[in-house]
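# Summary of structural features
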Amino acid sequence: MTGITLIYLSKRPGGIDLLAASLKAQNKVDGFNWDLVVVDDWPGRVERGFAEKYLRDQGLPLTHYGPAMLKPFPWSRSGIANATNTGVLHATH
């Protein structure tokens, strides 16, 4: 069976509702699986849990929702690479 993991990186105050609306509208294809990994670094949103619940309530195949892993060197400027690596670690396809 084929499939993909969609990795969504966010560090913005909005957009989760647009993500859910656009992914819900996608056509389902028999024999093709996909899942969603969200790496969200907007302060406090992961801890509140409302965005994760919203995505799950929309019926999206969310396999991970959380912040980026801690950077090994806090002074480094590799935020996007760090978030991407976090998403790849949680990818299932």
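Everything below is about the structure printed above this text.
Quantities reported herein were computed from a predicted structural model and do not represent experimental measurements. (Residues numbered from 1 in each chain as written. Predicted model: local features only at pLDDT ≥ 70, side-chain atom pairs only at ≥ 80, totals over all residues. Heavy atoms only, no water.)

### Considerations on the side chain of His 64
Mapped onto the secondary structure, His 64 falls in strand E3 (residues 62-66). His 64 sits in the buried class, given a relative accessible area of 17%. Ignoring anything within four residues of it in the chain, the contact list for His 64 reads Leu 36, Val 37, Val 38 and His 90. (Helix = DSSP H or I, 4+ residues; strand = E, 2+ residues; numbered from the N terminus. Buried < 20%, exposed > 50% of the residue type's maximum accessible area, 1.4 Å probe, protein only. Contact = heavy atoms within 4.5 Å.)

### Section: the pairing of strand E2 (residues 32-40)
Successive side chains on a regular strand alternate, one facing one side of the sheet and the next facing the other. As paired elements, strand E1 (residues 2-10) and E2 share 9 bridges and run parallel to each other. Following the sheet pairing, Ser 10 is matched in E2 by Asp 40. Across 4 bridges, E2 lies against E3 in parallel orientation. Bridge pairing links Val 39 to Gly 66 in E3. (Pairing = 2+ DSSP bridges.)

### So, the pattern of salt bridges
Inspection of the entire model under this criterion finds 3 salt bridges. Note that Asp 57 is salt-bridged to Lys 53, the shortest N-O span being 2.7 Å. Of this pair, Asp 57 and Lys 53 both sit in helix H3 (residues 50-57), 4 residues apart, roughly one helical turn. On the basis of relative accessibility, which here comes to 52%, the residue Asp 57 falls in the exposed class. (Salt bridge = Lys/Arg side-chain N within 4 Å of Asp/Glu carboxyl O.)

### As for a nonpolar patch on the surface
Side chains of Ile 4, Val 29 and Phe 32 sit close together on the surface and give an oily, nonpolar patch of about 260 Å² of accessible area. Relative to the elements of secondary structure, Val 29 occurs in the loop between helix H1 (16-24) and E2. (Patch = residues over 30% accessible without salt bridge, like charges linked within 9 Å, V, L, I, M, F, W, Y side chains within 5 Å. Areas by Shrake-Rupley, 256 points an atom, 1.4 Å probe, with all protein chains shown as cover.)

### Points about the nonpolar core
Within the largest apolar cluster, 12 residues are counted, these being Ile 16, Leu 19, Ala 20, Leu 23, Leu 36, Val 38, Val 46, Ala 51, Leu 55, Leu 60, Leu 62 and Tyr 65. Counting residues per element, the ones that place at least two in this core are H1, E2, H3 and E3. With 4 residues, H1 is the single largest residue contributor to this core. (Core = buried A, V, L, I, M, F, W, Y, C linked by side-chain atoms within 4.5 Å.)

Scope: geometric values only; no functional claims are made or implied.
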